[in-house]
Amino acid sequence: YSRLGWAASIACIGNYRLGQNKTAKNIADITQTGYNDIAQPPGIQIGFRVSYKYNDTSAFNVSYTNGVFNPNMIMNHINNSQPIYAYFEGSAGTHGAVIYGYFSHGNNFYLRVMNPTSTWETILYNGSSTAITSSGNIFYLKSLFVATGLHRFGSDWWYMNEDGSYKTGWFLSNGSWY
């Protein structure tokens with residue numbers, strides 16, 4: 001199954017956040033995406049929702065951003081234990097990976113990435129020229145997917161903002177307290 005990197009990345013995020021044991025095939029089956037099909041953003045959003053599944057999904061959102069990304073948003077998500085799904089495109093198709101860390105050196109900002117087709121890597125963040133190599137092909141960063149809105153992790157509720165910040169405590173949403 002040569003095109004399940006997107007599903008493996010989504011499964012890794014859900015497994016990390018919720019202590020699940022989902023596989024790439026589980027995510028592809030649930031989203032009804034073939035094992036050799038290319039996932040586009042709508043399927044990725046569904047998979048992301050599935051990987052974060054909890055009892056009440058009414059307030060659950062997944063947002064994604066296209067284009068050039070603010071490094072502060074990336075840092076906020078990582079600092080708040082929220083890995084980011086990274087969507088790449090290239091002449092060979094699309095590719096998914098997980099941004100799980102970052103660091104700066106001089107004027108450069110680097111991303112630590114779990115690339116499901118190879119290994120853990122460090123790549124230079126360079127706006128829309130940010131690239132990753134998979135199976136000898138180069139892919140360029142196009143979108144970042146992050147969980148937003150109300151989420152329950154264990155018995156705790158969090159409100160996750162798109163910028164990576166979050167709040168905990170009591171929330172009123174659609175007439176219900178969380």
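Here, every reference points to the structure presented above.
Undergrad: Residues and numbers for the nonpolar core, please.
TA: Formed by 19 residues in total, the largest nonpolar core has its most connected members in I74, F88, I99, L111 and L144. Top contributing element to this core by residue count: strand β7 (residues 137-153), with 4 residues. Ignoring anything within four residues of it in the chain, the contact list for L111 reads I74, I99, G101, Y102, E121, T122, I123, Y125 and T130. Counting 15 residues, the second largest nonpolar core, distinct from the first, contains A7, A8, I27 and M114.

Undergrad: I'd love a proper account of the pairing of strand β2 (residues 84-90), names of residues and values included.
TA: Burial runs high along β2: 5 of the 7 residues are buried. Note: β2 against strand β3 (residues 93-105), 7 bridges, orientation antiparallel. Note that in β3 the partner of Y87 across the bridge is G96. Counting the residues between successive antiparallel strands, the hairpin from β2 to β3 contains 2 residues.

Undergrad: Describe in detail the packing of aromatic side chains, supporting the description with residues and values.
TA: Applying the stated criterion to the full structure yields 6 aromatic pairs. Between the aromatic rings of Y100 and W120, the centroid separation amounts to 5.1 Å while the plane-to-plane angle is 80°, which identifies the pairing as edge-to-face. Note that Y100 is positioned in strand β3 and W120 in strand β5 (residues 120-124), a separation of 20 residues in sequence. Look at Y100 and you get partly exposed, because its relative accessible area is 34%. Residue W120 is classed as exposed on the basis of its relative accessible area of 56%.

Undergrad: Outline helix α4 (residues 71-79), listing residues and values.
TA: Within α4, the full set of buried residues consists of M73, I74, H77 and I78. The buried residues of α4 occupy one face: seen down the axis, they fall within an arc of 130°. The N-cap residue of α4 is N70: its side-chain oxygen and the backbone nitrogen of N72 are 2.7 Å apart. One or two positions beyond α4, positive phi appears at S81, with a value near 60°.

Undergrad: Residue-level account of the side chain of S9, with values.
TA: One can find S9 in helix α1 (residues 5-18). At 3.3 Å, the side chain of S9 and the backbone oxygen of G96 are in polar contact. Sequence-distant contacts of S9, that is, excluding residues within four places in its chain, are made with Y85, G96, A97, V98, M114 and P116.

Undergrad: Break down unusual backbone geometry for me, with residues and values.
TA: Positioned with a positive phi, S81 is a non-glycine residue whose angle comes to about 60°. One can find S81 in the loop between α4 and β2. A relative accessible area of 33% means that S81 is categorised as partly exposed. Unlike most non-glycine residues, S135 shows phi in positive territory, near 50°. Mapping S135 onto the fold places it in the loop between β6 (131-134) and β7.

Thresholds applied
- Residues numbered from 1 in each chain as written.
- Predicted model: local features only at pLDDT ≥ 70, side-chain atom pairs only at ≥ 80, totals over all residues.
- Heavy atoms only, no water.
- Core = buried A, V, L, I, M, F, W, Y, C linked by side-chain atoms within 4.5 Å.
- Buried < 20%, exposed > 50% of the residue type's maximum accessible area, 1.4 Å probe, protein only.
- Helix = DSSP H or I, 4+ residues; strand = E, 2+ residues; numbered from the N terminus.
- Contact = heavy atoms within 4.5 Å.
- Pairing = 2+ DSSP bridges.
- Phe/Tyr/Trp six-rings, centres within 6.5 Å; stacked < 30°, edge-to-face > 60°.
- Arc of directions from axis to C-beta.
- Polar contact = N/O pair within 3.5 Å; in protein donor to acceptor, adjacent residues only side chain to side chain.

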